[in-house]
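Topology and contacts: notes
If you want the building blocks of each chain, they are given just below.
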Amino acid sequence: MDFELTEEQQAFAQTARDFALAEFAPHAAEWDAEAIFPKEAIAKAGELGFCGLYSPESIEGLNLPRLDATLVFEEMAAVDPSTTAFISIHNMATWMLGTWGTPAVRERWGADLTSGRKLASYCLTEPGAGSDAGSLKTRAEPKGGEYVINGGKAFISGAGSTDVLVLMARTGGGGAGGISAFAVPADAPGISYGKKEHKMGWNSQPTRTIAFDNVRVPAENLLGSEGEGFRIAMKGLDGGRINIATCSIGAAQGALDAARRYLHERQQFGKPLASFQALQFKLADMATELVAARQMVRLAASKLDAGHAEATTYCAMAKRFATDVGFQVCNEALQLHGGYGYLAEFPLERLVRDARVHQILEGTNEIMRVIVARKLLEGDTDIR
């Protein structure tokens, strides 16, 4: 058991840190305030391999372990959680396409996605199927060598600005076993997009509904086999939960670093805030909980890399814990800044707003508790 990062892992993290400071830091506040989707900056991330971190080499991905990918996402999220979170979702969708796509699908989109020249959206949630994703109603009917898709999706990150949709739709009967996965061109005839949602945070990435009206895709666009879609979606979400947990860790680290600096700079009652023991204790607790959350995320990533039988449960535990801690640390850092933390001139209010949604998406933290509790109550389990 070695908790130290290798020189190669440290180099990945440093590269991501330098990139984020150069490409995200000067613009993150503007992207948030003006709701700008920074596709050019994302493409630059792709040039470094950050859009295909753990995608297979068959589509020109880096095929890195999930643990290594967390190092990259954390460093970028410390500067801009919103843009980094989109890149992490793109990585998830790209990995799914590269892992289960037919040769024709991989040839058409793979290298463009891993390079960041094109972008992907993950389309599972529907207006009536959120936490109960297995009840989704969007249908894909086979007809003459094609599938005809009808239905709608909601809360889709990047919708209207991406190039390919990794879509879960029903090809069979009710329940999870009737769901299949598809790669769908985002500009296919019959697709329409709703208004860009006005959100509390994550403003540097658009969120829209998507409607499918007799959308036709070739049968070769099926990912995996019919009826395998829900399993594919959940496999994607195991990694997605680690990714979003990591974005919370990064946001919290950025907030903690800002608070440390501020406690030295700000003076009240004739001395720096850093000299007040109550604030020292608060900072110590923030750092302690953040380190614990980071280690849990890295443990879950290692379990996923190893193909551990309980990897899904570890991913759920890590997502629940890290996103709760991440938001709490961001919020406490804002409190340490007093009124200045509430101003847009400081990054704290943006970090708080961006981190809050992490407790909701990729499966709410309540659903994470359901996953863990069910596994614990099954009987014999190797969770410790």
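Before going into details, it helps to say that this report is about the structure given with it. (Residues numbered from 1 in each chain as written. Predicted model: local features only at pLDDT ≥ 70, side-chain atom pairs only at ≥ 80, totals over all residues. Heavy atoms only, no water.)

1. Quick word on the overall build of the protein
Applicable threshold: Numbering of helices and strands starts at the N terminus; helices are DSSP runs of H or I of at least 4 residues and strands are runs of E of at least 2. Every radius of gyration here is taken over C-alpha atoms, with the globule rule written as 2.2 Å times N^0.38, N being the number of residues. Each residue gets one of three labels from its accessible area relative to the maximum for its type: buried under 20%, exposed over 50%, partly exposed in between, using a 1.4 Å probe on protein chains only. The contact definition used throughout considers only heavy atoms, calling two residues in contact when any of these lie within 4.5 Å. For every accessible area listed, the method is Shrake-Rupley and the probe measures 1.4 Å; residues are considered covered only by the protein chains on display. Positive charges come from Lys and Arg, negative ones from Asp and Glu, while His and the chain ends are left out of the count. Here the site of a charge means atom NZ of a Lys, CZ of an Arg, CG of an Asp or CD of a Glu.
Looking only at helices and strands, the protein has 11 helices and 10 strands in total. Here the C-alpha radius of gyration of the protein, 21 Å, is about what a compact globule of 384 residues would show, namely 21 Å. Based on the C-alpha atoms only, the size of the protein along its principal axes is roughly 80 × 50 × 40 Å. Across the 384 residues in the protein, those meeting the buried criterion constitute 53%. Across the protein, contacts joining residues at least 24 apart in sequence account for 74% of those joining residues at least 6 apart. Counting every atom, the protein has about 16500 Å² of accessible surface; 52% of that belongs to carbon and sulfur. When the 38 positive and 47 negative side-chain charges of the protein are each reduced to one mean point, those points stand 5 Å apart.

2. Here we look at the packing of aromatic side chains
Spelled out, the test is: The rule is short: rings of Phe, Tyr and Trp, with Trp giving its six-membered ring, pair when the centres are within 6.5 Å, and they are stacked under 30 degrees, edge-to-face over 60, tilted in between. Whether a charge sits over a ring comes down to the Lys NZ or Arg CZ being within 6 Å of the ring centre and within 35 degrees of the ring normal.
Per the counting criterion, the structure on display carries 10 aromatic pairs. Between F19 and F24 the ring centres are 5.3 Å apart and the planes differ by 70 degrees, which places this aromatic pair in the edge-to-face class. Here the aromatic residues F19, F24, W31 and F50 are joined through ring pairs into a cluster of three or more. Directly above the aromatic system of Y54 lies the positively charged group of R66, at a separation of 3.8 Å from the ring centroid. The ring of W95 carries the charged tip of R66 above its face, separated from the ring centre by 4.6 Å.

3. Structural notes on the nonpolar core
Most often, soluble globular proteins have nonpolar side chains that are buried together. Stated precisely, the cut-off is as follows: For the purposes of this section, nonpolar cores are sets of buried Ala, Val, Leu, Ile, Met, Phe, Trp, Tyr and Cys residues that join through side-chain atoms within 4.5 Å.
Ranked by size, the top nonpolar core spans 55 residues in total, and within it F24, M76, M96, Y122 and M168 carry the most contacts. The greatest single-element share of this core, amounting to 10 residues, is contributed by helix α5 (residues 81-100). The contacts of F24, once residues within four sequence positions are left out, are F19, W31, A41, M76, V79, D80, T83, T84 and I87. One finds A259, C315, V325 and V352 within the second-largest nonpolar core, a separate group that totals 36 residues.

4. What about the environment of L165?
Relative to the helices and strands, L165 is located in strand β4 (residues 164-170). In this structure L165 comes out as buried when scored by relative accessible area, which is 0%. Separated by 20 residues in the primary sequence, L165 and P185 have C-alpha atoms spaced 6.3 Å apart.

5. Section: the packing of helix α9 (residues 311-336) against helix α10 (residues 348-356)
Definition in use: Geometry is summarised by axes, namely lines fitted to C-alpha atoms with helices restricted to the contacting stretch, and by angles between N-to-C directions that run from 0 to 180 degrees. An angle below 35 degrees is treated as roughly parallel, one above 145 as roughly antiparallel, one from 65 to 115 as roughly perpendicular, and anything else as oblique. Whether a crossing is left-handed or right-handed is set by the direction in which the near helix is turned from the far one by less than a right angle, anticlockwise for left-handed and clockwise for right-handed. Residues are grouped as follows: Ala, Val, Leu, Ile, Met, Phe, Trp, Tyr, Cys and Pro are nonpolar; Asp, Glu, Lys and Arg are charged; every other residue, Gly included, is polar.
Where α9 contacts α10, the axes come no closer than 9 Å and their chain directions differ by 160 degrees. With respect to each other, α9 and α10 are oriented roughly antiparallel. With respect to the hand of their crossing, α9 and α10 are arranged in left-handed fashion. Judged by residue contacts, F327, C330, N331, A333 and L334 of α9 engage L348, E349, L351, V352, A355 and R356 from α10. Residue composition of the contact of α9 with α10, by class: eight nonpolar, one polar and two charged.

6. Thoughts on unusual backbone geometry
At N63, a residue that is not glycine, the phi angle is positive and equals roughly 55 degrees. Position of N63 among the secondary structure elements: in the loop between α3 (39-47) and α4 (66-77). Judged by relative accessible area, which is 43%, N63 ranks as partly exposed. Residues other than glycine seldom take positive phi values, yet N214 does so here, at roughly 55 degrees. Residue placement: N214 occurs in strand β7 (residues 207-218).

7. Considerations on the pattern of salt bridges
In a structure, side chains of opposite charge can pair up when their charged atoms sit close to one another. Put simply, the rule reads: Whenever Lys or Arg places a side-chain nitrogen within 4 Å of a carboxyl oxygen from Asp or Glu, that contact is recorded as a salt bridge.
This structure, assessed with the given rule, holds 19 salt bridges. Here E141 makes a salt bridge to R139, at a shortest N to O gap of 2.8 Å. Taking relative accessible area as the criterion, R139 reaches 28% and is therefore assigned partly exposed. One connected set of salt bridges, linked through shared partners, spans D32, E349 and R353.

8. Some remarks on the state of the cysteines
Here a disulfide denotes a covalent bond joining the sulfur atom of one cysteine to the sulfur atom of another. We apply this condition: The criterion for a disulfide is a pair of cysteine sulfur atoms lying within 2.5 Å.
Tallying each qualifying case throughout the model produces zero disulfides. Residue C247 stays outside any disulfide, its sulfur separated by 12 Å from that of C330, the closest cysteine. Looking at C315, it has no disulfide partner, and the nearest cysteine sulfur is the one in C247, 14 Å off. Judged by its relative accessible area of 0%, C315 falls in the buried class.

9. Focus: the environment of G98
Mapped onto the secondary structure, G98 falls in helix α5. Spatially, the C-alpha atoms of G98 and Y54 are 10.0 Å apart, while their sequence positions differ by 44 residues. Setting aside residues no more than four positions away along its own chain, G98 makes contact with P56, S58, I59 and R106.

10. Observations regarding the pairing of strand β3 (residues 146-157)
Put simply, the rule is: Two strands qualify as a pair provided DSSP detects at least 2 bridges between them.
The sheet contact formed by strand β2 (residues 139-143) and β3 spans five bridges and is antiparallel. Residue pairing in the sheet places K143 in a bridge with E146 of β3. Connecting β2 to the next strand, β3, in antiparallel fashion are two residues, including G144 with a positive phi near 55 degrees. Bridging between β3 and β7 involves nine bridges; their strand directions are antiparallel. In the sheet register, G152 faces β7, and the bridge partner there is A211.

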